[in-house]
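Close look at the chain arrangement
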Amino acid sequence: MPDIGLLPDPASAAAMAAREVVVIGLGYVGLPIALEAAAAGFAVTGYDLDPTAARAAEAAARGTVPAGRLLATADPLALPRAGTWLICVPTPLDATGTPDLSLVAAALETCRIGLAPGALVCLVSTCHPGATNGLCRQVLERDGLRVGRDVYLAVSPERENPGGEAGPRRTPRLLGAPDPVSLARARGFWDRITDQVIPVATPEIAECAKLLENTYRLVNIALIDELHRGFAALGVPTRAVVEAAATKPFGFAPFWPGAGAGGHCIPVDPAFLQMELARAGATSTLLAAAAAANGARPGRILAALEGALGGSVAGRRVLVLGVTYKPDVPDLRGAAPVELVRMLLACGAEVLWHDPVLGPEADALREARRVPGIAVPGLDAAILGTPHRAYDLARIAATAPLVLDPFGVLPAGQARVV
């Protein structure tokens, strides 16, 4: 295992700089990595445009890592000339559904200004195939530096699972680089903070592997949501079918029905892959169909509600129980229940919502009315939007004359499966 202090440039200043790590982006990806690196003995500076995120990072470090090992700032001028730079910024879709790499480009500019001699830049944010050898290399080499000689470049796509327990230490890391020296330099860092590093032959393999992982999930979520409707029509409980199929020890991974795939990755990452496939003239029709089916899931739930209420929800009082994108995670990004609430409002419904994991500052649904509990008088219908563990499913089934269950988790015969 190469030592992190043994850089291709043996100068002592470079060796000292190698112990300095800057993590750009302190969200669900960057913060756990920053904490793990600090715990492993690196001097870590976290940087985020949001001062609140910077303060939260320092608060998370207190009592977790040695004092002073992790500092955080929203001021780019406060960043050290570090030997390791990790780019952990969001890569969302823009208003047209096109991948937006503006935050990655801005992070690369920040790196370029603060690089120490022989520094490593590692892309952790999810990007399209070719981003490492393309955008990243172009920015880093703009001033005459050469990747593999003056600066070292790698990609190790994030594999975080918000609400999960694995974290960066126990989650295997893919690692790709344009040249062997960059790969060795990057492995010297990642070997210190994670239990398993899996080198791959090129950056493009690592980039595509991350996109494949979430494309696989998107396709299977769309499949099970489609079959959920069919199994319900046959009178067969979908979850029991999946549980039975999952007893097969090979060739099957269980996916569960829901309100639609949401979050920061699953609805987004396949668009990065599809964009590059389109450029290569090899667009995936299956991926396009799965993305369309996933996006249509809230509309199908609304259509089922309209059908059950005589064709319209206008003027009807509807309660949505749980609005985050996954159970027990306070994140509204890409949340299918949020889209469902917006569609209900557009159709003239009086919409109320409840969510036990969101703090009082949540305002993404201010057009609808938040209620403090699930017992609400005068409801026409209720919809289970997110099955948080805090919910008593039997009580939910009795909240309204009509209860819709996209997940198939409420007691049999007490809710309408959609």
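About the cut-offs
- Residues numbered from 1 in each chain as written.
- Predicted model: local features only at pLDDT ≥ 70, side-chain atom pairs only at ≥ 80, totals over all residues.
- Heavy atoms only, no water.
- UniProt positions renumbered as here; feature names shortened; annotations may be inferred.
- Pairing = 2+ DSSP bridges.
- Helix = DSSP H or I, 4+ residues; strand = E, 2+ residues; numbered from the N terminus.
- Contact = heavy atoms within 4.5 Å.
- Axes fitted to C-alpha atoms, helices over the stretch in contact; angles between N-to-C directions.
- Parallel < 35°, antiparallel > 145°, perpendicular 65-115°, else oblique.
- Nonpolar A, V, L, I, M, F, W, Y, C, P; charged D, E, K, R; others polar.
- Expected span 1.5 Å × (residues − 1).
- Buried < 20%, exposed > 50% of the residue type's maximum accessible area, 1.4 Å probe, protein only.
- Arc of directions from axis to C-beta.
- Salt bridge = Lys/Arg side-chain N within 4 Å of Asp/Glu carboxyl O.
- Phe/Tyr/Trp six-rings, centres within 6.5 Å; stacked < 30°, edge-to-face > 60°.
- Lys NZ or Arg CZ within 6 Å of the ring centre and 35° of its normal.
- Right-handed = clockwise from strand over helix to strand, strands pointing away.
- Disulfide = S-S within 2.5 Å.
- Polar contact = N/O pair within 3.5 Å; in protein donor to acceptor, adjacent residues only side chain to side chain.
- pLDDT = per-residue confidence, 0-100.

Going by what an unreviewed UniProt entry lists, the protein is known as Nucleotide sugar dehydrogenase and is assigned to Neoroseomonas terrae. Per UniProt, the protein carries the Sequence similarities (unreviewed entry) text "Belongs to the UDP-glucose/GDP-mannose dehydrogenase family."

1. Some remarks on the sheet that holds strand 14 (residues 416-417)
As summarised here, the arrangement of the 6 strands in space is 11-10-9-12-13-14, forming an open sheet in which the pairing is parallel. Two strands bound the open sheet, and with one partner strand each, they are strand 11 (369-370) and strand 14. With 2 bridges joining them, strand 10 (residues 350-354) and strand 11 adopt parallel strand pairing. Counterpart to Leu-352 in the pairing with strand 11 is Arg-369. Seen against the sheet, helix 12 (residues 336-346) touches strand 9 (317-321), strand 10 and strand 12 (381-384) and runs at an angle of roughly 175° to strand 9.

2. Some words on the packing of helix 2 (residues 30-39) against helix 7 (residues 180-193)
Direction vectors running N to C along helix 2 and helix 7 enclose 85°, while the axes themselves pass 8 Å from each other. For the element pair helix 2 / helix 7, the angle class is roughly perpendicular. Mapping the contact onto sequence places Ile-33, Glu-36 and Ala-37 in helix 2 and Phe-189, Trp-190 and Ile-193 in helix 7. Class assignment for the residues of the contact of helix 2 with helix 7 results in 5 nonpolar, no polar and 1 charged.

3. Quick look at helix 4 (residues 102-114)
Here helix 4 is 13 residues long and its end C-alpha atoms lie 19 Å apart, about the 18 Å a rise of 1.5 Å per residue gives. Listed in full, the buried residues belonging to helix 4 are Val-104, Ala-107, Leu-108, Thr-110, Cys-111 and Gly-114. Around the axis of helix 4, the buried residues are gathered within 160° of arc, so they sit on the same side. Turning to helix 4, the residues buried within the fold contact strand 1 (20-24), strand 2 (43-47), strand 4 (84-87), strand 5 (120-123) and helix 5 (132-140).

4. Some details on the pattern of salt bridges
Per the stated rule, a full pass over the model turns up 18 salt bridges. Asp-150 is paired through a salt bridge with Arg-149; the nearest N and O atoms lie 2.8 Å apart. Residue classification places Asp-150 among the partly exposed residues on the basis of a relative accessible area of 25%. Residue classification places Arg-149 among the exposed positions, given a relative accessible area of 54%. Residues joined in a network through salt bridges with shared partners are Glu-109, Arg-112, Arg-142 and Asp-143.

5. As for the sheet that holds strand 3 (residues 70-73)
Overall, parallel pairing links the 6 strands, which are arranged 3-2-1-4-5-6 in an open sheet. Unpaired on one side and paired on the other, strand 3 and strand 6 (152-155) mark the two borders of the sheet. Between one strand axis and the next, the sheet turns through 20° on average, direction left out of account. Relative to strand 3, strand 2 is paired through 4 bridges, and the arrangement is parallel. Looking at strand 3, one finds that Thr-45 is bridged to Leu-71.

6. Quick look at the packing of aromatic side chains
Following the criterion strictly, the structure yields 3 aromatic pairs and no others. Here the aromatic rings of Phe-189 and Trp-190 are separated by 5.0 Å at their centres, their planes lie at 75°, and the arrangement is edge-to-face. Between Tyr-216 and Phe-255 the ring centres are 5.7 Å apart and the planes differ by 65°, which places this aromatic pair in the edge-to-face class. Highlighted residues: Tyr-216 in helix 8 (residues 203-234) and Phe-255 in the loop between helix 9 (238-245) and helix 10 (269-279), separated in sequence by 39 residues. Tyr-216 gets classed as partly exposed once you look at its relative accessible area, which sits at 43%. Stacked on the ring of Trp-190, the Lys or Arg Arg-173 has its end atom at 4.0 Å from the ring centre.

7. Observations regarding the pairing of strand 6
Burial along strand 6 is two-sided: the residues Tyr-152 and Ala-154 and Leu-153 and Val-155 are all buried. The parallel pair strand 5 and strand 6 is bridged by helix 5, and the resulting crossover is right-handed.

8. Digging into unusual backbone geometry
For Asp-328, which is not a glycine, the phi torsion comes out positive at approximately 70°. Structurally, Asp-328 is set in the loop between strand 9 and helix 12. Since its relative accessible area comes to 27%, Asp-328 is described here as partly exposed.

9. Focus on the state of the cysteines
Inspection of the entire model under this criterion finds 0 disulfides. For the unlinked cysteine Cys-88, the closest cysteine sulfur is that of Cys-122, found at 8.2 Å. With no disulfide of its own, Cys-208 lies 12 Å from the sulfur of Cys-127, the closest cysteine sulfur. Judged by its relative accessible area of 31%, Cys-208 is partly exposed.

10. Observations concerning the environment of Asn-133
In this fold, Asn-133 is placed in helix 5. Judged by its relative accessible area of 26%, Asn-133 is partly exposed. Considering only alpha carbons, one finds Asn-133 and Leu-153, 20 residues apart in sequence, at a separation of 8.7 Å. If sequence neighbours within four positions are ignored, Asn-133 has contacts with Pro-178, Pro-203 and Glu-204. One polar contact links Asn-133 to Arg-137, side chain to side chain, over a distance of 3.2 Å. Reaching out from Asn-133, the side chain makes a polar contact with the side chain of Glu-204 at a distance of 3.1 Å.

11. Comments concerning the confidence of the model for the protein
Residues shown with low pLDDT carry predicted positions that ought not to be read at fine detail. Mean pLDDT over the protein stands at 92; residues scoring 70 or higher make up 94%. Note on residues 1-13: pLDDT under 50 across the span, and 20 contacts to partners over four residues away in sequence or across chains.

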